[in-house]
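Chain by chain, the residues run as shown.
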Protein chains: 2
Amino acid sequence: MANLIKFAYMKYKKINFDDISFFNNLLGNEFVYSDDSSRAKYSHDETEDLKYFPELVLTPNNTNEVSKILDYCNSNLIPITPCGARTGLSGGSLPLFGGVALSLERFNSIIKIDERNLQVTVEPGVINQELRDAVEKKNLFYPPDPASKGSCTLGGNLAENAGGPKALKYGVTKDYVLNLEVVLPNGEIIWTGANVLKNSTGYNLTQLFVGSEGTLGIITKIVFKLIPLPTKDISLLVPFNSSEKACEAVSAVFRAGITPSALEFIERDAIDWTKKYSDIELNIDDDVKAHLLVEVDGNDLERLYKECEHIFEVMQGFDCGEILLADSEIQKNSLWKLRRSVGEAVKSNSIYKEEDTVVPRAELAKLLKGVKDIGKAYGFKSVCYGHAGDGNLHVNIIKGNMSDNDWNLKLSSGIREIFKLTKKLGGTISGEHGIGLVQKEYMDIVLSKKNIELQKGIKQLFDPSYILNPGKIFS
Amino acid sequence: MANLIKFAYMKYKKINFDDISFFNNLLGNEFVYSDDSSRAKYSHDETEDLKYFPELVLTPNNTNEVSKILDYCNSNLIPITPCGARTGLSGGSLPLFGGVALSLERFNSIIKIDERNLQVTVEPGVINQELRDAVEKKNLFYPPDPASKGSCTLGGNLAENAGGPKALKYGVTKDYVLNLEVVLPNGEIIWTGANVLKNSTGYNLTQLFVGSEGTLGIITKIVFKLIPLPTKDISLLVPFNSSEKACEAVSAVFRAGITPSALEFIERDAIDWTKKYSDIELNIDDDVKAHLLVEVDGNDLERLYKECEHIFEVMQGFDCGEILLADSEIQKNSLWKLRRSVGEAVKSNSIYKEEDTVVPRAELAKLLKGVKDIGKAYGFKSVCYGHAGDGNLHVNIIKGNMSDNDWNLKLSSGIREIFKLTKKLGGTISGEHGIGLVQKEYMDIVLSKKNIELQKGIKQLFDPSYILNPGKIFS
C-alpha cells in the first residue's frame, strides 16, 4: 500500500494555462490566485516555520463549485489541499506537492440556528468564535474552544478534531457533529448521516470524516448539536511547588466526584514567558513550579462556590499554595487570556517543536517526569502546558542553546522516546492537533502495521487517485 | 458492488466433519455444539419470530481462539455470525447463511476497573447490568442502559450502538468507547485507538467498529470511559390528553434550559397493555392519551426539586394532567419497571413489527401524527413509545385484525412511508436498534447510492471474503 501511495505522488500534473482558464471560467478571475504573494500566504499554517507553496489558490463559494473543482483535479491528477484559517499545528493544510490550495474562507455563513431542536447548520469557513457568539445570543452553547477560537474555522476544527479547555466537561469537536455534507474526490456529493442525536443506520461515515484532515473529502456543510448555555462560572488559579504534585491533583479532583468545565496545567516557565509578552499582572512566589487553572460552570452560583470549596480541599492534599479565586468578568478574562497566550509566548521565545501528547489523566505526572528525563538525555529543554483534565499535555521542545546539528539530527529520536512513553502509559501521539505532516513519521509507535494498512485502505477507497491532501497522516 | 456481495454468498462452504474436528481440537468438544437444540437456541434473537439455524455453535474463551476460528473460516469460506445475549431487535445476530454462530458468552470478565483514570476494560460478553453494578460499587457510572440491560451484553451494545433512557443526558454506547481490541476476518488482531479521552491520531477506526453489527471484525476487548456516579434522582410521570401535546412538551423542556437524565414517551395503549401483563398499580383517567416519564439526576436533592418545579411549569403550558412525583426507591422502581416492560407487553399482545424511528426531537409530534395517518391509510394500528428526549420513537405496528395477505404484501409499503417521513423530518431509520436483517431493505430511503457504495467498500476492505455476518446492513 505504501508503494501505491508513493507511485500516486509521482504522477501529479503541474498546473498549466488551460487549467487556470478552466478555474477562471468556473469561479471568476477574482477567486483564482496565482501571484507570488497569494501563494506565499497559503504556503504556511501555524506549524513551526514550514512553508510549501501551492501553484494556485482557489476560493470557491458553494458546494457545486467545490464539486466541479474536485472532478476536474481528479480527472487531471492535480493535488488539492483544503484549508481554512491555517491556524493548524501539525501542517495539515500545507500544500506539500503544490497543486491547488482550496480555501473554504468564503464558506462563511451560519445557515440556520434551529432553536427548537438545539442544532445549527453552518458552512466550514465560519470562525469558531463567530458561531459561539451567534448561538450565545439564543442562550445556546457550542463548547469546543481551541486556543485559536478567535481565528480558526469550524472546517479546520473538524479536520483535526479540535478540542480546547471546555472539552474536559463537554467533549471535543467530534462530539457535536451530527451530519456532514461532503464532496468526494471525484466531485460526488453525499450527506454522511442524519440530523439526529442517535443513529444506528450503517457505518458511521460522519465520524470517519471527523479528524481525517481533508484526506477523504471536502466538508461543505456541518450540522452541529448545541446545548443550553451555562450562565455562571468561576475560575481558580492554583499554584504548586512541584509540577508532579500539580499533575497528581488533577486526577484527584475527578476521583472526588467533581467534573470541572476546564482544568489546565501551566508550567512556571510558560507563565513567566507569557507575562513577559503580555500586560497581565500576577505575582508569583519564587518557589512556584506550576499552576492549575480550574473552571467550574453551571447555573447556580451558590453551588459553584460549594464546588470551589470542594476543589480547595482536594488541592490542599497536594500541598498547593494560596488559591486565587476569580469570579468577576475582568479577573476571569485576565486568567484565561493568560492561558490562551501561552502557546504563542512560548513559541516566540525560541525555535521550537510542539508535541500534542495525550495519556490517561492519572498518568500525567509520569509523562511530565519522563519528558524532562528524556530532555536531559537528549539535551533539550521543554515547556509544558495543556488540558491536564483530559491528560492532553502540549510539550514544547525549545531549541535554546542546542546546536543546529543536534536539533536537526538527534531531536527526532528524542521525540520518538517521548511518544514511546505516551504509548506505554496508554496514550497516543495527538490529542487534538492531528498528525498532518509533522507527526506522520511517528504513527508506527502507537498503531500497528495492520491498523495503518486499514487506514490506508480507507484512503484508497475514498480517494483512489490520491489527489486530496497528499502526504498527510501516512508516510 | 451489490453483485460482488451476492457472488460471495454463493460460494460459502457447508461445514463438514473435518471442520468440526478442527474446532473440537481448538476449543475442546464441550465448546462446539452441533446438536439440534443448541442450533435452535442460537437461531433467533428478540426480532419478531425470525429463525435462522447455524450449522455449528462455537463458544471460544479468548482472543487467540477467536483469531484461529476466523482464520480457519476465512480460508475455508465458512460464514460466521457473532452473537452475545441475542436480545437484538433488528436480527443482527441471526445466522442467515448458516455456518458458525460465534457466541462471545464466555468473554464475561470485567478485566480492570481503573479508578484513577475513570476507565474500565471489559470483555464483550459481560452483561450490561453487571458492569453497572461493578462500577457503582466504586461510585462510578456507565450510563448506556438499553431496556434489556439485565440480559444484553456489552459486545451486542457496541454492535448496535445501543442507547436507552439515560442516553438523553449522557450519550449512547459510542460515547463511552475509548479503545477496542478487534479480531479481523483473517484472524489478525488490532487495537483501534488508545485509552484516552481525546484522540486525533489518524482515522477513527474505533467509531467505525461501533455500530458495525459484527460485519467488520469481532470485538474481544473494550476500554470504556466512566463518569462519577450521580447520587440522587427524581422521576415524574406526566399525563396528557393529547399525544401531540406530550410530544410538543418534550422539546419545550430543553428550550427552557433543562437537561433531564431521561425523558420517555408512552402512548396510552402501551401503558394499558403493560398494566395487564404486570403487577403495576396506576390509576389513569379515561381521557389520558399519553404519558411522559421524566427523570432528573445529580447530587443535590434540593436542586433537583427546583428542576422538577421548573419542569412542572413547562408541562403545564401543554395542558398536562396531575403530575406524579416519585422520589422514593419503591415509587421510582415501579415507574421504571413499567417503562422497561412496555416493549415486551406490547409485543406479547399480537403479531407485530417494531420500527426504531428517530428524528430531531422537536419534530416528534409531526412524526407521531404521520405514523397514525399512514396506519389509517394502510389499515394497521400502531403503539408508540420511546426515548422522546432524543427524538427516538419506537413504532410497534400491530397486526391485530389485518389480513395475512395485507400484512405480508402491503406492510412493507407502509413502513417505507413511515421512513420517508422520518427522512423528510431530518431523521433516519434506526436510532439504537441497528439495521441488521430487517431494516436493510429501507437503507436507500435515507442514504444515497454513493453513501451506501462507500459503506460496502469499507465492508469489502475489512472482510474481502464476506465471511463476517453476511446478509446484514446491506441488501
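Residues numbered from 1 in each chain as written. Chains lettered and ligands numbered in written order. Predicted model: local features only at pLDDT ≥ 70, side-chain atom pairs only at ≥ 80, totals over all residues. Heavy atoms only, no water.

(A) Representation of the interface of chain A and chain B in the model. Across the contact, 81 residues belong to chain A and 81 residues belong to chain B. Between chain A and chain B, the buried area comes to about 6100 Å², and carbon and sulfur atoms account for 57% of it. For chain A, the biggest contributors to the area lost against chain B are Lys 198, Ser 200 and Tyr 203 of chain A; these three give 16% of the whole. Inspection of the region where chain A meets chain B yields eight salt bridges. Where chain A touches chain B, the interface holds 42 residue pairs in polar contact (both at pLDDT 80 or more). Considering every element that reaches the side of chain A that touches chain B, the biggest residue donor is helix α17 (residues 449-462) of chain A, with nine residues. Here the side of chain A that touches chain B is built from residues that sort into 30 nonpolar, 34 polar and 17 charged. (Contact = heavy atoms within 4.5 Å. Buried area = accessible area lost by both parts, 1.4 Å probe. Salt bridge = Lys/Arg side-chain N within 4 Å of Asp/Glu carboxyl O. Polar contact = N/O pair within 3.5 Å; in protein donor to acceptor, adjacent residues only side chain to side chain. Helix = DSSP H or I, 4+ residues; strand = E, 2+ residues; numbered from the N terminus. Nonpolar A, V, L, I, M, F, W, Y, C, P; charged D, E, K, R; others polar.)

(B) The arrangement of the packing of α17 of chain A against helix α17 (residues 449-462) of chain B in detail. Remark: α17 of chain A packs on α17 of chain B, axes separated minimally by 10 Å, with the N-to-C direction vectors making an angle of 145 degrees. At the point where α17 of chain A passes α17 of chain B, the crossing takes the right-handed sense. Contacts from Leu 454, Gly 457, Ile 458, Leu 461 and Phe 462 of chain A of α17 of chain A reach α17 of chain B at Leu 454, Gly 457, Ile 458, Leu 461 and Phe 462 of chain B. Class assignment of the residues belonging to the contact of α17 of chain A with α17 of chain B gives a composition of eight nonpolar, two polar and no charged. (Axes fitted to C-alpha atoms, helices over the stretch in contact; angles between N-to-C directions. Left-handed = near helix turned anticlockwise from the far one by under 90°.)

(C) Focus on the pairing of strand β8 (residues 177-183) of chain A. Residue and element names in this part refer to chain A. With seven of seven residues buried, β8 is to be regarded as a mostly interior element. Here β8 runs beside strand β10 (residues 218-225); their pairing, made up of six bridges, is antiparallel. Of the residues in β10, the one forming a bridge with Glu 181 is Lys 221. In this structure, β8 lies alongside strand β9 (residues 189-191), joined through three bridges in antiparallel fashion. (Buried < 20%, exposed > 50% of the residue type's maximum accessible area, 1.4 Å probe, protein only. Pairing = 2+ DSSP bridges.)

(D) Summary view of the relation of the copies chain A and chain B. Note on the identical chains: chain A maps onto chain B by a rotation of 180 degrees and an axial translation of 0.0 Å, with an RMSD of 0.0 Å. Taken together, the rotation and translation describe the operation of a two-fold axis. With an isologous cut-off of 70% or more, the 100% of interface residues of chain A that recur at the interface of chain B puts this contact in the isologous class. (Least-squares fit on C-alpha atoms with pLDDT ≥ 70 in both.)

(E) Inspection of the packing of aromatic side chains at higher detail. Per the stated rule, a full pass over the model turns up 20 aromatic pairs over all chains. A ring pair is formed by Tyr 12 of chain A and Phe 97 of chain A, whose centres lie 5.7 Å apart and whose planes are at 65 degrees; its orientation type is edge-to-face. Of this pair, Tyr 12 of chain A sits in the loop between α1 (2-10) and α2 (17-27) while Phe 97 of chain A sits in the loop between β3 (80-83) and β4 (100-103), and the two are 85 residues apart along the sequence. Note on Phe 97 of chain A: relative accessible area 26%, which makes it partly exposed. Ring centres 5.5 Å apart and planes at 85 degrees place the aromatic pair Phe 209 of chain B and Phe 462 of chain B in the edge-to-face group. Placement of Phe 209 of chain B in helix α8 (residues 205-209) and of Phe 462 of chain B in helix α17 is noted, with a sequence separation of 253 residues between them. With a relative accessible area of 4%, Phe 462 of chain B lands in the buried category. Each residue in the set Phe 22, Phe 23 and Tyr 72 of chain A is aromatic and connected to the rest through ring pairs, giving one cluster. (Phe/Tyr/Trp six-rings, centres within 6.5 Å; stacked < 30°, edge-to-face > 60°.)

None of this, on its own, says anything about what the molecule does.
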